[in-house]
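# Examining the three-dimensional arrangement
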Amino acid sequence: MNKINPDDTIVAISTPIGEGGISIVRLSGTRAIKIADGIFRAKDGGTPSRFETYTTHYGWIAGGPHAKVVDEVILTVMKAPKSYTKEDIVEINCHGGNQAVKKVMDLTLKLGARLAEPGEFTKRAFLNGRIDLTQAEAVLDVIRAKTEGSLKVAMGQLEGELSASVSEILKDVTDITAEVEAAIDFPDEELEFVRRAELLVRVKEILAKIRGLVESYDNGMVFREGVLAIICGKPNVGKSSLMNLLLKRDRVIVSPVPGTTRDAVEETINLNGIPVRLVDTAGISETRDILEKESVKRSKKYLELSDIAILMLDASTPMGKADKEIAGIIGGKKKIVLLNKIDLVKKAVPRKLKERFKGDVVIEISVKNKKGIERLEKAIERSILSGAFNQGESAVVSNARHKEALDKAYGSMLSVNKALEESESPEITAIDLKEAIFNLGLVVGKSVSDDILDRIFSRFCIGK
Ligand SMILES: Nc1nc2c(ncn2[C@@H]2O[C@H](COP(=O)(O)OP(=O)(O)OP(=O)(O)O)[C@@H](O)[C@H]2O)c(=O)[nH]1
Ligand SMILES: [Mg+2]
């Protein structure tokens, strides 16, 4: 299925299902324009096969010259090879809703179009060589981006920053392989000392480049997928109040009665471009009834999954058994300790309390008076992003598939490095080089199997 039959013309509704201003039916393939000829009546009397590429025309869709009009539309023709898929594309802007657009699509099916599979338009763009696999995958990331930061990382990838970096490395490795293979083919010219030293320098440069990409992953992934931050603490310390404050709306119920929150509530906030999935949990205490037991179990479950734990304490009361128990559950995970209700405290917070959480960020806040919230937001951001990270200045790896392939390529290049240092035979060096080429090829989609392609594109929406 990963070979394109040029006569196989695909069609899909590319806009979300439901009511809206317009809905778009998109066709791609050699028959796209012919099919449009069969169903479109232009106001100006022209036919799609005569339209200039990238022109838009007003008219009506009908099943034939005497058939009833199905919808009033705007039709755009984009001719191969300058289109999204590099094939002829026709886009029909119908009235929004379900019925008209469905009828328009049915007519194209009658004239020989086939329903597109998820992501098939983008897959064709890849198979036809307009974009590489990292760019195809970036299309999905752009669609799913939740914050400006995620969008920036995805757009960089879509524009080919990652492709360019990986392709450059791939070219370097390929050049080296050619030289090493020459030494196999002409054994008289065994890799002599000087050439070996020169190759080693280049291999080390490649290793540094791959490492740079791999190291960008932790931050890249954060922008792409966001992080999970859990607010936990004993009942009544102000967890839900904090959740509402960070969300800037009254999402969860707040009350002076301990045990108000029963279920974990999750919402995404945008922290300087980083999507943070924030979870308010039920207060953890010595369990009283069955329901509480269940909700406490959920809180614990969330804590296990979380990337970062926000442990909230009540600064106006001494630290108790429950607080200690929760700190124990969090264990060695990254945590931020909040001393809330600082407005109720006349004296400074006892040093002992702060010492207990040595090594953690401890912040005094008052949700009531909105004190310390900026410091908290900064602390979350700092604990998520590692090191100096200049997002958008160079290629960023944000996808686990890419990271895995780059890790493997790095391993192979380490072996190449070793083989050269230990004056191994060129044959052995060449095997590792080929392995590196294979894995770098996986990233950009050169050596990727049909299975992997199917898996990648099946995550797309239909019509993209
Ligand atoms: N004085 C003061 N009161 C606060 C502060 N933050 C929250 N509260 C109050 O503390 C009480 C409990 O707040 P919640 O946000 O419901 O506490 P919770 O931790 O979600 O409680 P459970 O859901 O029962 O676990 C409410 O009456 C809040 O108004 C604060 O900074 N100062
Ligand atoms: Mg609550």
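Residues numbered from 1 in each chain as written. Chains lettered and ligands numbered in written order. Predicted model: local features only at pLDDT ≥ 70, side-chain atom pairs only at ≥ 80, totals over all residues.

## Overview of the sheet that holds strand E3 (residues 40-42)
Taken together, 7 strands build an open sheet; the order of strands is E3-E4-E5-E6-E2-E1-E7 and the sheet is mixed. Only two strands of the sheet have a single neighbouring strand rather than two, namely E3 and strand E7 (114-115). Note that strand E5 (residues 69-78) and strand E6 (residues 89-95) share 5 bridges and pair antiparallel. Bridging across to E6, Leu-75 finds its partner in Ile-92. Sheet strands touched by helix H1 (residues 32-39): strand E2 (22-28), E3, strand E4 (55-62), E5 and E6. Its angle to E6, the strand with the most contacts, is close to 35 degrees. (Pairing = 2+ DSSP bridges. Helix = DSSP H or I, 4+ residues; strand = E, 2+ residues; numbered from the N terminus. Contact = placed C-beta atoms within 7 Å. Axes fitted to C-alpha atoms, helices over the stretch in contact; angles between N-to-C directions.)

## Observations regarding the environment of Glu-225
Following the sequence through the fold, Glu-225 ends up in helix H8 (residues 217-225). Counting along the chain gives 84 residues from Glu-225 to Asp-141, while the straight-line C-alpha distance between them is 9.3 Å.

## Side note on the domain arrangement of the protein chain
The assigned domain composition of the protein chain is domain 1 (10-131), domain 2 (137-216 + 395-444) and domain 3 (225-384). Inter-centroid distance (C-alpha atoms) of domain 1 to domain 2 is 41 Å. (Domains from an automatic or database assignment.)

## With respect to the pairing of strand E13 (residues 361-364)
Sheet topology note: the strand E12 (residues 335-340)/E13 ladder contains 4 bridges and is parallel. Note on E13: the bridge partner recorded for Leu-338 is Ile-363. Running through helix H12 (residues 351-356), the crossover from E12 to the neighbouring parallel element E13 is right-handed. (Right-handed = clockwise from strand over helix to strand, strands pointing away.)

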